[in-house]
Amino acid sequence: PVPGAPAPIVGRKGSPDVADILILRTMSHLPPLPRRFVRTAALAVLSLGLLAFVLPLFAQNQGGPRPVHRVRVKSAVHPVSAELIQDSIREAEDAGAAALVVELDTPGGLLTSTREITTAILGAQIPIVVYVAPSGAQAASAGFFLLMAADVAAMAPGTNTGAAHPVLGQGQSPDEVMGKKMEEDAAANIRSLAARNGRNVELAQAAVVESRSYTAHEALEGKLIDAVAPSLPALLRQIDGRQVRKGEGSVTLRTAQAEIVEVEVSPFRKILGVIADPNIAYILLTLGFLGLYFELMNPGAILPGVVGGICLILAFFALSVLPVNYAGVALILLAIVLFIAEIKVTSYGMLTVAGVISMVLGALMLFKTPEPALRVSLELIATLAVFTLAMVGFLMWMALRIRREPVRTGLEGLLHEIGTARSSLAPRGKVFVHGEIWDALAEEPVAAGEAVQVVGVQNLTLSVRPFRGSNV
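On a predicted model such as this, the values are computed, not experimentally measured, just so you know. (Residues numbered from 1 in each chain as written. Predicted model: local features only at pLDDT ≥ 70, side-chain atom pairs only at ≥ 80, totals over all residues. Heavy atoms only, no water.)

J.: How should a nonpolar patch on the surface be read in this particular structure?
T.: Residues V353, I357, L361, L364, M365 and L378 make up a contiguous nonpolar surface patch of about 530 Å² in total accessible area. If you trace the backbone, L364 turns up in helix α14 (residues 350–364). For L364, a relative accessible area of 42% puts it in the partly exposed group. (Patch = residues over 30% accessible without salt bridge, like charges linked within 9 Å, V, L, I, M, F, W, Y side chains within 5 Å. Areas by Shrake-Rupley, 256 points an atom, 1.4 Å probe, with all protein chains shown as cover. Salt bridge = Lys/Arg side-chain N within 4 Å of Asp/Glu carboxyl O. Helix = DSSP H or I, 4+ residues; strand = E, 2+ residues; numbered from the N terminus. Buried < 20%, exposed > 50% of the residue type's maximum accessible area, 1.4 Å probe, protein only.)

This is how it looks when you write it as structure tokens:
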């Protein structure tokens, strides 16, 4: 060991390493460092560490504005659109966005999904802007509730909102007591949303109680919304510097120069959004039942059964997120049963007509909602009814055509078959027909090796006659 130096590192056998000895000997010849230099170096290292930690935060807070996320909702308000908005809020919060803009165009939707969305908007940690756009769009019925729940409500010129009076599932007028309960509940909800954001409570309530609707400029003049802007960049410039309430405090919007980040909707969610459309769901349901119907009538076809099964699974998903009336589903099932029975029972077309009527009634009753966007269109119902009638009629014609053809299997299938005499027929002998050797009885003598034609079958004995190329 070097005199005055620290003890060397001892190896496993108690002997110092050669490298340790060289390092210690080198250090022993260096002059000692001043304490002032050591303190200065330590402070420099500490300062650099603090700067490395603080500078990114400072740049984030003092640099350019944080981005604004945008999600487009152009559909009825149902569980799929509710899930999309909820996920978009969480994604914008995780990304530290300045705000989330929900670009809305909806004719209305389900009350349960509307409640889920308004709850998510009210509980969001960042400002939520609901922007009814583009021109010609609407935020009717359920969309009006979303507009009133937003921290910033805006509309594009040429849009409208309102008409939010509650109705029962099939659009019928409720009885007096039930109607009063529904109306009071919806009115209280809209008053609460409007008052929270400082909007006109009377006009908001009138949209529910009196089914009033408002243009963009009427809503702005009536203080139902905060801005009218022709485009999203113009809206972001218009609301820049506005303060909105979030939780216990308020947030100042910095959106004038903010980058707009589109919320990417996954292909799977896009497909679910398309399937959740009532018209698509009805088409899938009809095609699914028809596919299985074709497969049952023609076992082994495979393709109709596979396509029908896939369509039914997709249709069942749509039915799980839409307000389904199962009486409508039962009527559609009854229609398929009647179509199958038409082929088995001679009804002169009456069962087919009954099946089409059952199918139309089932489509009309399929969804329990007064919203046109959540019901099957009459044009589609009529088109599918005619298509189904034509397909079933075609299958009936094919079945009758096959029934009129001669039997091709069993003993009857041997009639008019051509064979060869294996022995002389005078009148009995052996013939080779259809890959088999049969006992045969000839109408007239036939030499061995001559062609014969089967004219009858009795007790596994064939009746034959010479075939000269012209027999039928």
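J.: Before we go on, may I ask you to explain the sheet that holds strand β8 (residues 227–228) in this structure?
T.: Two orientations exist for strands paired in a sheet by backbone hydrogen bonds: parallel and antiparallel. The strand order across the open sheet built from 6 strands is β8-β5-β3-β2-β1-β11, with neighbouring strands paired in parallel fashion. Two strands lie at the open edges of the sheet, namely β8 and β11 (260–262), each paired on one side alone. Note: strand β1 (residues 68–73) against β11, 3 bridges, orientation parallel. Each residue of the ladder has a partner; that of R70, found in β11, is E262. Along the sheet face, helix α3 (residues 79–94) touches β1, β2 (99–104) and β3 (128–132) and points at about 175° away from the line of β1. (Pairing = 2+ DSSP bridges. Contact = heavy atoms within 4.5 Å. Axes fitted to C-alpha atoms, helices over the stretch in contact; angles between N-to-C directions.)

J.: Honestly, the nonpolar core in this entry has me stumped. Any pointers?
T.: Within soluble globular proteins, side chains that are nonpolar tend to cluster in buried spots. Of all hydrophobic cores here, the largest spans 49 residues; its most connected members are L100 and M148. With 7 residues, the single largest contributor to this core is helix α5 (residues 142–149). Not counting the four nearest positions on each side in its chain, L100 is found in contact with H69, R70, V71, S88, I89, A92, I126, P127, I128, V129 and V263. With 38 residues, the next largest nonpolar core counts I275, F294, I381 and L384 among its residues. (Core = buried A, V, L, I, M, F, W, Y, C linked by side-chain atoms within 4.5 Å.)

J.: For this particular structure, what's the right way to read the sheet that holds strand β6 (residues 160–162)?
T.: The mixed open sheet is built from 3 strands, whose spatial order is β4-β6-β7. Each edge of the open sheet carries a strand with a single partner, namely β4 (138–140) and β7 (213–215). Put simply, the sheet's adjacent strands are angled 15° from each other on average, direction ignored. Sheet topology places β6 next to β7; 3 bridges connect them, and they run antiparallel. The partner of N160 across the bridge, within β7, is T215. Where α5 meets the sheet, its contacts fall on β4 and β6, and the angle it forms with β4 comes to roughly 100°.

J.: Would you explain the pairing of β1 in this entry?
T.: Burial runs high along β1: 5 of the 6 residues are buried. In this structure, β1 lies alongside β2, joined through 6 bridges in parallel fashion. Following the sheet pairing, R70 is matched in β2 by V101.

J.: Just checking my understanding: could you explain the packing of helix α11 (residues 278–297) against helix α12 (residues 303–321) for this structure?
T.: Each packed pair of helices is defined by two parameters, the angle between the axes and the distance between the axes. Axis separation between α11 and α12 bottoms out at 7 Å; the angle between their running directions is 150°. Regarding the angle of α11 to α12, the classification is roughly antiparallel. Along this stretch, α11 crosses α12, giving a crossing that reads as left-handed. Residues A281, L284, L285, L287, G288, F289, G291, L292, F294 and E295 of α11 lie in contact with α12, whose contacting residues are L303, P304, G305, G308, G309, C311, L312, L314, A315, F316, A318 and L319. (Parallel < 35°, antiparallel > 145°, perpendicular 65-115°, else oblique. Left-handed = near helix turned anticlockwise from the far one by under 90°.)

J.: What should I look at first to understand the pattern of salt bridges in this one?
T.: Opposite charge on two side chains allows them to pair when their charged atoms are near. On inspection of all chains with the given rule, the structure shows 10 salt bridges. The closest approach of N and O atoms between R70 and E103, which form a salt bridge, is 3.1 Å. Placement of the pair is R70 in strand β1 and E103 in strand β2, with a sequence separation of 33 residues. Each member of the pair, R70 as well as E103, is classed as buried. Residue K430 is joined to D439 by a salt bridge in which the shortest nitrogen-to-oxygen separation is 2.3 Å. Owing to a relative accessible area of 38%, K430 belongs among the partly exposed residues under this scheme. For D439, a relative accessible area of 35% gives the class partly exposed.

J.: For this particular structure, what's the right way to read the side chain of H78?
T.: Within the element layout of this structure, H78 appears in the loop between β1 and α3. Residue classification places H78 among the buried residues on the basis of a relative accessible area of 3%. When near neighbours in sequence (up to four residues on either side) are disregarded, H78 contacts L110, S113, A276 and V321.

J.: What's the story with the environment of G362 in this structure? I'm lost.
T.: Positionally, G362 belongs in helix α14. Spatially, the C-alpha atom of G362 lies 9.0 Å from that of N325, the residues being 37 residues apart in sequence. Aside from chain neighbours lying at most four places away, what touches G362 is G328, L331 and I332.

Everything listed here is a matter of geometry and, on its own, says nothing about what the molecule does.
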